[in-house]
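Tertiary structure, described
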Amino acid sequence: MPVRRVFLGWDRPLCETVPAHLLAGAGPGLQDWRDRVVVLPTRQSSWHLRSALPLAAAERGAALLGPEMVTPPVLLAPPPRVRVASGLQCLRAWVAVLAAAPSATLSACLGRERGTGGAWVLSTGRRLQMLRQELADGGLDLAAVAARGDDIEEAERWQALAELEGLYLDRLQEMGLQDAGTARIAMARAGALPEGLREVVLAAVPDPPRLFIALLER
């Protein structure tokens, strides 16, 4: 798919300019747009466009089949055949890993923050999973950051975090599951879009996740 950038101007609402752009060149009658997808920044914006686009088409005497309207994470979602762990299952895996992790590894990555007891394990597991989710939006995981070695601050701490991450991913694999962030990164690297998709329209998405851009580039 070639990339084309279009500036729609600031003088009219997007619920007017985006439908006008999408319908440019469309004639009356039935328009089959099931081979395209419109990516919007939020679900609320997709609701607004779902309301505005059919009305704009009706003014031209047209009726639309499609397009699908999604947010970036939808196209990054792994296929149904991939068993992605739920948030609770991820937390259970982290709790098991942290409870059994070597003391030296915990001290290296957590330092003075290291504690004891179930509440500490739960809190730390949540924080580590949130960190992995934030990194995944940029196409990274803890191991990828640690691989940068001396180019990053606190390299030893990142190495220890990567070690915990490896234990966590192994734990999920034993459960027959895959981490959501890992699955999204794999999707982006494969460049796999839904079969039959001919056009992807990014409509007013000001800051798309880097992982989503990587998917489109591939």
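Structural notes, computed from the coordinates. Keep in mind that what you see is a predicted model, and the values were worked out from it rather than measured.

All right, on to the overall build of the chain then. Regarding its fold elements, the chain presents 10 helices and 5 strands. A globule of 218 residues ought to have a C-alpha radius of gyration of about 17 Å, yet the chain, at 22 Å, is considerably larger. With the C-alpha coordinates of the chain rotated into their principal frame, the extents come out at 70 × 35 × 30 Å. For the chain, with 218 residues in total, the buried portion stands at 38%. The contacts of the chain with a sequence gap of at least 6 include a subset with a gap of at least 24, amounting to 74%. Taken as a whole, the chain presents about 13,100 Å² of accessible surface, with 53% of it coming from carbon and sulfur. Each charge sign in the chain was given a centre, from 24 positive and 24 negative side chains, and these centres are 4 Å apart.

Okay, the environment of L197 next. Here L197 lies in the loop between α9 (180-190) and β5 (199-202). Overall, the relative accessible area of 18% leaves L197 in the buried class.

Turning to the layout of surface pockets, a few remarks are in order. Leftover empty space is mapped by rolling, across the atoms, a probe with the size of a water molecule. Its volume calculated, the largest pocket comes out at about 1,300 Å³. Looking at the largest pocket, it is lined by 33 residues, and the ones nearest its centre are R4, R5, V200, V201 and L202. At the level of elements, α1 (14-23), β5 and α10 (210-217) are the ones that each hand at least two residues to the lining of the largest pocket. Split into classes, the residues belonging to the lining of the largest pocket amount to 22 nonpolar, 3 polar and 8 charged.

Our next topic: the sheet that holds strand β2 (residues 36-39). One open sheet holds the 3 strands; their spatial order is β4-β2-β5, and the pairing between them is parallel. Every other strand in the sheet has two partners, leaving β4 (68-70) and β5 as the edge strands with one partner each. Sheet twist, expressed as the average angle between the axes of neighbouring strands with direction ignored, equals 20°. In terms of strand pairing, β2 meets β4 through 3 bridges, oriented parallel. By the bridge assignment for β4, V38 is matched with M69.

Our focus in this paragraph is the packing of aromatic side chains. In total, this model carries 2 aromatic pairs according to the counting rule given. A ring pair is formed by W94 and Y168, whose centres lie 4.3 Å apart and whose planes are at 5°; its orientation type is stacked. Here W94, found in helix α4 (residues 87-100), pairs with Y168, found in helix α8 (residues 155-174); they are 74 residues apart in sequence, far enough to count as distant. For W94, a relative accessible area of 0% gives the class buried. Relative accessible area serves as the criterion here: at 0%, Y168 is assigned to the buried category.

Cut-offs and rules
Residues numbered from 1 in each chain as written. Predicted model: local features only at pLDDT ≥ 70, side-chain atom pairs only at ≥ 80, totals over all residues. Heavy atoms only, no water. Helix = DSSP H or I, 4+ residues; strand = E, 2+ residues; numbered from the N terminus. Rg over C-alpha atoms; globule rule 2.2 N^0.38 Å. Buried < 20%, exposed > 50% of the residue type's maximum accessible area, 1.4 Å probe, protein only. Contact = heavy atoms within 4.5 Å. Areas by Shrake-Rupley, 256 points an atom, 1.4 Å probe, with all protein chains shown as cover. Lys, Arg positive; Asp, Glu negative; His and termini not counted. Charge placed at Lys NZ, Arg CZ, Asp CG, Glu CD. 1 Å grid on protein atoms, 1.4 Å probe; cavity = no way out; pocket = protein on both sides within 12 Å on 5 of 7 lines; lining within 4 Å. Points joined across faces, edges and corners; volume = space filled by probe spheres on them. Nonpolar A, V, L, I, M, F, W, Y, C, P; charged D, E, K, R; others polar. Pairing = 2+ DSSP bridges. Axes fitted to C-alpha atoms, helices over the stretch in contact; angles between N-to-C directions. Phe/Tyr/Trp six-rings, centres within 6.5 Å; stacked < 30°, edge-to-face > 60°.

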